[in-house]
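Residue-level structure breakdown
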Amino acid sequence: MITFLELLVNGISVGAVYALIALGFVVIFKATEVVNFAHASLLLAGGYVIARLHEVLGFWLALLAGIATAALVGALVEFLVIRRANVAVRSVLAIVTIGVDIVLTTELTRRIGTEVLALGDPWRDRVLRVGEVSIAETRLVALAVAAALITAFLLAFKYTAWGVRMRAAAEDAETAALMGVRLGRVSLSAWAVAGALAAVAALFLCVFPTPGLDRGTGLAAMKAFPAAILGGLDSTTGALAGGLIVGLTEALMNGYQNQLAFLGRGVGDVAPFVVMLAVLLVRPAGLFGTREPARV
Amino acid sequence: MNVHAPGSPGATGDSGLTVRDLVVGYGPVAALRGISLRVPRGAVVAVLGGNGAGKSTLLRAISGTLRFHRGGIASGDVTFDGERISGVEPSGVVARGVVQVPEGRRIFARMTVEENLRAGALGVRDRGANARARERVLGLFPILAERSRQRAGLMSGGEQQMLAIGRALMAAPRLLLLDEPTLGLAPIMAARIAETIQEINAQGTSVLLVEQNVATALALASHAYVLEVGEVALSGAARDLAGDDEVRRRYLGIDPDADGGTSAPGTPDAPGTPDVPAERRTLTRWSA
């Protein structure tokens, strides 16, 4: 029971971090109809800047710098690549983002090399004990921060002019343009916001119990991909649900790995994708995704 | 055809909308082949024509949304109050006071009525102007206030058209472009929309109305242009066009030889009058 509670909290915490990443996918997809395969490299860029600068600037300033960098890299990708690519089919742009990802990730892994970089966070490896349940502080902070960011994002999406602009452009770009919405700015802001969220996620993917940022950190971002897909790529609610499902699945599968030995080791890494496939078989548009509207 | 063109470019100075020798193509396909027209300030001008005549292309060229359809202006230009608006981004056109209500309404179905109105005001920064525009819209369409929290997609076609017009008015346009506002609406609702267009115009907004319902359009407009395959085939005062034999035969379904043409342009699409022989009535209907 105690193990289960610990796994539950850890799973929700990791899930909330995945939800941050998945939200980035969803925002970009809604605003530009592009599946952004370069998301992992945005995340890696943010994490790398935090890791390199925290000794000079201190953790909090480094964090800000990391967030700003990831947002800027996102905006640059939109401005220099996505906007210029004159293609009619949006799925081609998704493939273009794979190219962007390869370029950025190659450069970052070259810089990181074989090192494992600490991010200098103030929580270190402290553990909070409630009765017999012990949970790493980093997990609780991750949960709180992710929850706060997601709430702020959803409120902004619902109530601010920025949110109305985003939703209008997502629903019908041409009509939004007729209302005076500048689609270029909508797209740019979506990429920047997604980058910023990815940098925060990078922080929490690299802190305790993970040893630090290494060249494989970007791969963790790919776990948010099934989260976004199974929630429905065009749904912010779906990103949350998907993130939590993936986080919990992974934590529980890893936690009960010994009882599940017949499935082989490392089943926790595979499980999110299996869940994604299962969900898609039943609901092809994802849990909260919009089906192509059918005319009656 | 001796209907003259009172709206010929340059005839009445620079105020209002002027389209000069506009040529528009979608790739190699020319959709507009040298169109000129004018919407003087305060006027309602109708553009008539069948499918594929270039009516929607004309509106796209004015509002700057051709690129959404892989089209572009090859030559000619569009000016509004003396300022060139062809080649300007759609947001720039809106900022200069020209706002389009798209064909098929295209309301944001997943957003509430209130959010749709908010979206209409996105091109305008001035809060005071927004509040005045909202008051005007809710005055014209009280139903939008009643339904403000409802999802727009759940409203009836007529209500959606009201919302689409109200949303465009939120940008406080000086010229409203309407693309087939009565398309697919019940006759009573179409009549209400027509009344509303008159009222909007009476409040000081010029209107460029694209319509397939010729009778309605000619009743509302002071001037009209008839497009055929990308060119202006006829133009003139709406009254003259409504009385013109060719227009009556081709667009109003009235046979001018049959002396059945006493019906005013407000009673549309009457295929014939009782004193027309049955045989000819059928013929008239088919040629309409």
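I will try to describe carefully the structure that is included in this document. This one's a predicted model, so the numbers in the text were calculated from it and none came from an experiment.

1. Comments concerning the sheet that holds strand 4 (residues 71-80) of chain B
Residues and elements named next belong to chain B. Taken in spatial order, the four strands of this open sheet run 2-1-4-5, and their pairing is antiparallel. Of all the strands in the sheet, the pair left with one neighbour each is strand 2 (29-39) and strand 5 (83-84). For strand 1 (residues 17-26) and strand 4, the ladder comprises eight bridges, and the chain directions are antiparallel. Among the inter-strand pairings, Tyr-26 is bridged to a residue of strand 4, identified as Gly-71.

2. Things to note about the sheet that holds strand 3 (residues 44-48) of chain B
Strand pairing in a sheet relies on backbone hydrogen bonds, with the paired strands running either antiparallel or parallel. Residue and element names in this part refer to chain B. In spatial order, the strands read 6-7-8-3-9-10; together these six strands make up an open sheet with mixed pairing. Taken across any chain shown, the strands that pair with only one partner, and hence form the sheet edges, are strand 6 (98-101) and strand 10 (231-237). Adjacent strand axes in the sheet meet at a mean angle of 15° when their direction is disregarded. Examined bridge by bridge, strand 3 and strand 9 (residues 223-228) share four bridges and lie parallel to one another. Each bridged residue has a counterpart across the sheet, and for Leu-48 the counterpart in strand 9 is Val-226. Contacts from helix 6 (residues 157-169) reach strand 6 and strand 7 (175-179), with the element oriented near 165° to strand 6.

3. A few points about the pairing of strand 3 of chain B
All names here are of chain B. Counting buried positions along strand 3 yields five of five residues, so the element is predominantly enclosed. Across the two faces of strand 3 the burial is the same, with Val-44, Ala-46 and Leu-48 and Val-45 and Val-47 all buried. As paired strands, strand 3 and strand 8 (residues 206-211) are joined by five bridges and run parallel to one another. Each residue of the ladder has a partner; that of Leu-48, found in strand 8, is Glu-211.

Cut-offs and rules
- Residues numbered from 1 in each chain as written.
- Chains lettered and ligands numbered in written order.
- Predicted model: local features only at pLDDT ≥ 70, side-chain atom pairs only at ≥ 80, totals over all residues.
- Pairing = 2+ DSSP bridges.
- Helix = DSSP H or I, 4+ residues; strand = E, 2+ residues; numbered from the N terminus.
- Axes fitted to C-alpha atoms, helices over the stretch in contact; angles between N-to-C directions.
- Contact = placed C-beta atoms within 7 Å.
- Buried ≥ 20, exposed ≤ 12 C-beta atoms within 10 Å, placed from the backbone.

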